[in-house]
Amino acid sequence: MTDIATRANRVVAETGGRRRHYGGGPRAGTIVAFLTPFFLPFVLFYLVPVGYAIWQSFLVVRRAGGQYGTSYTTFGGFEQYAQVFQNTEFWSSIGRIGLFGIVQVPVMLLVALMMALLLDTPLLKIKPFFRITAFMPYAVPGVIAAIMWSYLYSPQVSPLVDVLKGIGLQPDFLGPGAVLWSAANVSTWLWTGYNMLIMYSALQSIPQELYEAAKLDGASNWAIAWKVKVPIIAPSIVLTTVFSIIGTLQLYAEPAVLRQISSNISSTYTPNMLAYAVASGNNYQQAAAISVVIAVITFVLSFGFMRLTSKKAGL
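The residue numbering used here restarts from 1 in each chain and proceeds along that chain's sequence as written. Where totals are concerned, whole chains, interfaces and linings use all residues; where local detail is concerned, this predicted model gives features only for residues with pLDDT of at least 70, and gives and counts side-chain atom pairs only at 80 or more. In computing side-chain values, all of the structure's heavy atoms are included and hydrogens and water are not.

A few words now on the overall build of the protein. Labels follow the DSSP assignment, with helices taken as runs of H or I lasting at least four residues and strands as runs of E lasting at least two, numbered in each case from the N terminus. Summing up its helical and strand segments, the protein has 14 helices and two strands in all. The classification of residues rests on relative accessible area computed with a 1.4 Å probe and restricted to protein chains. Under 20% of the type maximum is buried, over 50% is exposed, and intermediate values are partly exposed. With 315 residues in all, the protein has 33% of them scored as buried. Any two residues having at least one pair of non-hydrogen atoms within 4.5 Å are treated as being in contact. Taking the intrachain contacts of the protein between residues at least 6 apart in sequence as the baseline, contacts between residues at least 24 apart amount to 62%. Each accessible area is a Shrake-Rupley estimate made with a 1.4 Å probe; only the visible protein chains count as cover when residues are assessed. Total accessible area on the protein is roughly 19,600 Å²; 67% of this is exposed by carbon and sulfur atoms.

In this section: the pattern of salt bridges. Any carboxyl oxygen of Asp or Glu within 4 Å of a side-chain nitrogen of Lys or Arg constitutes a salt bridge here. In the structure shown here, the tally under the stated rule is two salt bridges. Salt-bridge contacts for R62 lead to E79; the nearest nitrogen and oxygen are separated by 2.9 Å. One end of the pair, R62, is in strand β1 (residues 59-64); the other, E79, is in helix α3 (residues 79-85), and 17 residues separate them in sequence. For R62, a relative accessible area of 32% gives the class partly exposed. By relative accessible area, E79 is classed as partly exposed at 29%.

A word on the side chain of S236. Inspection of the secondary structure assignment puts S236 in helix α11 (residues 234-249). Residues contacting S236, with those up to four places away along its chain left out, are I198 and A202.

The next thing to look at is helix α2 (residues 28-57). In a helix, the anticipated span is given by 1.5 Å times the number of residues less one. Across its 30 residues, α2 extends only 38 Å between first and last C-alpha, which sits more than 12% below the 44 Å expected from 1.5 Å per residue. Where α2 bends most, the angle comes to about 50°, and this point is T36, followed within four residues by the proline P37. Two axes are fitted around each residue, one to the seven residues ending there and one to the seven starting there, and the angle between them is reported as the bend at that residue.

Buriedness of a pocket was judged along seven lines, with at least five required to meet protein on both sides within 12 Å; pockets are open sets of points on a 1 Å grid over the protein atoms alone, cavities are sets where a 1.4 Å probe fits but cannot get out, and lining residues have an atom within 4 Å of a point. Grid points are joined across faces, edges and corners, and a volume is the space filled by probe spheres set on the points. Counted as a void, the largest pocket has a volume near 620 Å³. Lining the largest pocket are 21 residues, and of these V50, S291, V292, I294 and A295 sit closest to its centre. Elements represented by at least two residues in the lining of the largest pocket include exactly α2, α11, α13 (271-280) and α14 (284-313). Residues are grouped as follows: nonpolar covers Ala, Val, Leu, Ile, Met, Phe, Trp, Tyr, Cys and Pro; charged covers Asp, Glu, Lys and Arg; every other residue, Gly included, is treated as polar. Within the lining of the largest pocket, the residues separate by chemical class into 17 nonpolar, four polar and no charged.

Working definition: rings of Phe, Tyr and Trp (its six-membered ring) pair if their centres are within 6.5 Å, and the pair is stacked with planes under 30 degrees apart, edge-to-face with planes over 60 apart, and tilted otherwise. Under the definition given, this model contains 21 aromatic pairs. Where W222 meets W226, the ring centres are 5.7 Å apart and the plane angle is 55°; that geometry is what we call tilted. Taken together, the residues W222 and W226, both in helix α10 (residues 221-232) and four residues apart, mark about one turn of the helix. Three or more aromatic residues joined by ring pairs form one cluster here, namely W55, F58, F75, F78 and Y81. By definition here, charges over rings are those cases where NZ of Lys or CZ of Arg is within 6 Å of the ring centre and within 35 degrees of the ring normal. Here the basic side chain of K229 rests over the ring of Y211, its NZ or CZ set 5.0 Å away from the ring centre.

A few words now on α11. The terminal C-alpha atoms of α11, which comprises 16 residues, lie 23 Å apart, in line with the 22 Å expected from a rise of 1.5 Å per residue. The set of residues buried in α11 consists of S236, T240, T241, V242, S244, I245, T248 and L249.

Residue types Ala, Val, Leu, Ile, Met, Phe, Trp, Tyr and Cys, when buried and joined through side-chain atoms within 4.5 Å, form a set referred to as a nonpolar core. Counting residues in each nonpolar core, the largest one holds 23 residues, and the members touching the most others are L113, A116, L117, M196, M199, L203 and I233. Among the elements that line this core, the one with the most residues is helix α4 (residues 88-120), at eight residues. Setting aside its immediate chain neighbours within four residues, M199 contacts L109, A112, L113, A116, I233, I237 and T240.

Let's shift gears to the environment of V230. Inspection of the secondary structure puts V230 in helix α10. Spatially, the C-alpha atoms of V230 and L117 are 8.7 Å apart, while their sequence positions differ by 113 residues.

Before going further, it helps to examine the packing of α4 against α10. Angle between the axes and distance between the axes are the two parameters that describe a pair of packed helices. To get an axis, a line is fitted to the C-alpha atoms, and for a helix only the part in contact is used. The angle between two axes follows their N-to-C directions and goes from 0 to 180 degrees. Axis separation between α4 and α10 bottoms out at 12 Å; the angle between their running directions is 105°. Classified by the angle their axes make, α4 and α10 are roughly perpendicular. On α10, the residues touching L113, M114, L117 and D120 of α4 are A225, W226, K229 and V230. Considered class by class, the residues forming the contact of α4 with α10 number six nonpolar, no polar and two charged. Angle categories are assigned with fixed cut-offs, so that under 35 degrees is roughly parallel, over 145 is roughly antiparallel, 65 to 115 is roughly perpendicular, and the rest are oblique.

Okay, the environment of A178 next. Position of A178 relative to the elements: it lies in the loop between α7 (159-166) and α8 (179-204). Note: C-alpha distance between A178 and N264 (86 residues apart in sequence) is 9.5 Å. Setting aside residues up to four positions removed in sequence, A178 forms contacts with D172 and F173.

Closest axis-to-axis distance for the α10/α11 pair is 4 Å, and the angle between their directions is 60°. The orientation of α10 relative to α11 falls into the category oblique. Contacts between α10 and α11 involve V230, P231 and I232 from the first element and A234, P235 and I237 from the second. Taken together, the residues of the contact of α10 with α11 sort by class into six nonpolar, no polar and no charged.

Chain-level pLDDT for the protein is 87 on average; 89% of the residues reach the 70-or-more range. pLDDT is a per-residue confidence score from the predictor, ranging from 0 to 100. Here helix α1 (residues 2-14) stands out as the least confident element of the protein, with mean pLDDT 54; α3 is the most confident, with 95.

Printed below as a string of structure tokens:
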């Protein structure tokens, strides 16, 4: 035993007192190896572009020697942001998209919730078929979906318009008062199945014992749905709401496609369309400022909604 202790002390002395760990915890190199595949693309394709956009938003282009002089880029502080807040088209697009979100998001999430509850009930047969059918629109790219619906909206070629006219109706899906809701319909068709799947997955994690206890207490299927299931999956509903708020402020594809067949959608119809239009005019600094303002508004609304729901839930 003494020889073993002596040899151990000699090894410790020779290694400077350092001990080798063969499983006592992860090494720094292992941690870095696992995290690098995530952090490297995250930094290169997310943080760097965001940082570059923020930097560009503080720059302005000036000319030396009059209108036709040499242009140069210099630091302008908050000058670009002041122009954004003074831009009436920007505020019009924000108001339009706000109205869009106030109406479209609750309707879409309510439909998604009803579908999720329906799929979770034992009364429904061939659930896989209905689940795939409801989720299938999400597999269609947004641009393709907008093109499909524009065919149904166009009065020249739409069979839907012909049917409605046959029963005495005169629909104008692309009119000034309806085109916003036509775009909302496309978004609802695209994203309802996605939100439904999130809610349905949350419903699947609820223990069946809760339902059995509720039935023993005399609760009907309707009462179980709204008094047991919905409160339990409330975090999933909050999550889908936050995603929907973010998606609403990023709305671009649907109105951009419908603009090709409707004169009631301008190039500044939504905040993202405005930023793209400004960038197309080679005013990249102004477009960067608009993008940063949109990102800040998105963060404030989504974070504010999460804080509000957390306070109501007592979290």
